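# Summary of structural features
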Amino acid sequence: MVDVMLKNGDIELNSMGGAVMLGGFDAAVQRALICLNTRRGSFIYDRSLGVPPLSPGSGCRIDRQRLEMLINEALADEEDIYVEVLSADESLKIRINAENQSRIEEVFPFGDV
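In this text the structure is predicted, and so the values were computed from the model without any measurement.

Calculation notes
- Residues numbered from 1 in each chain as written.
- Predicted model: local features only at pLDDT ≥ 70, side-chain atom pairs only at ≥ 80, totals over all residues.
- Heavy atoms only, no water.
- Core = buried A, V, L, I, M, F, W, Y, C linked by side-chain atoms within 4.5 Å.
- Buried < 20%, exposed > 50% of the residue type's maximum accessible area, 1.4 Å probe, protein only.
- Helix = DSSP H or I, 4+ residues; strand = E, 2+ residues; numbered from the N terminus.
- Contact = heavy atoms within 4.5 Å.
- Pairing = 2+ DSSP bridges.
- Axes fitted to C-alpha atoms, helices over the stretch in contact; angles between N-to-C directions.

### Focus: the nonpolar core
- Leu36, Ile71, Leu75, Ile81, Val83, Ile94 and Ile96 are the most contacted members of the largest nonpolar core, which totals 20 residues.
- Where this core is concerned, the elements lending two or more residues are helix 1 (24–36), helix 2 (64–74), strand 5 (81–88) and strand 6 (92–98).
- Among the elements that line this core, the one with the most residues is helix 1, at seven residues.
- Aside from chain neighbours lying at most four places away, what touches isoleucine 81 is Ala28, Ala32, Asn72, Leu75, Ile96, Asn97 and Ala98.

Below, the structure is given as structure tokens:
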């Protein structure tokens, strides 16, 4: 699948003014990051996009295995993407696995978009 590259919330443009395109692993990582940085229900055009509310400040701690389950459930529509939670504090440090590659990223699924 091919996607338009997003950078700082905007479409990345090349020197000719056209959109920079992503494919393969980079496109899969970008789609996963968009999903994981979005609270489910907050995106008006697709209310199913994102992760359910995960509120670390509410006093109820979610263990790493449960976080992985919720995150991977949010990514169920994406083919061949699996996420491992490495640490969970105010943000999540995760490893995104797709297309026989992996990348470590930090996501912030605890707020609204």
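### Section: the sheet that holds strand 5
- Across the sheet, three strands lie side by side as 5-6-7; this open sheet has antiparallel pairing. At either end of the open sheet lies a strand with only one pairing partner, and these are strand 5 and strand 7 (101–107). Neighbour-to-neighbour, the strand axes of this sheet turn through a mean angle of 25°, independent of strand direction.
- Contacting strand 5, strand 6 and strand 7, helix 1 crosses the sheet at an angle of about 25° to strand 7.
- Running over the sheet, helix 2 touches strand 5 and strand 6 and is turned about 145° from strand 5.

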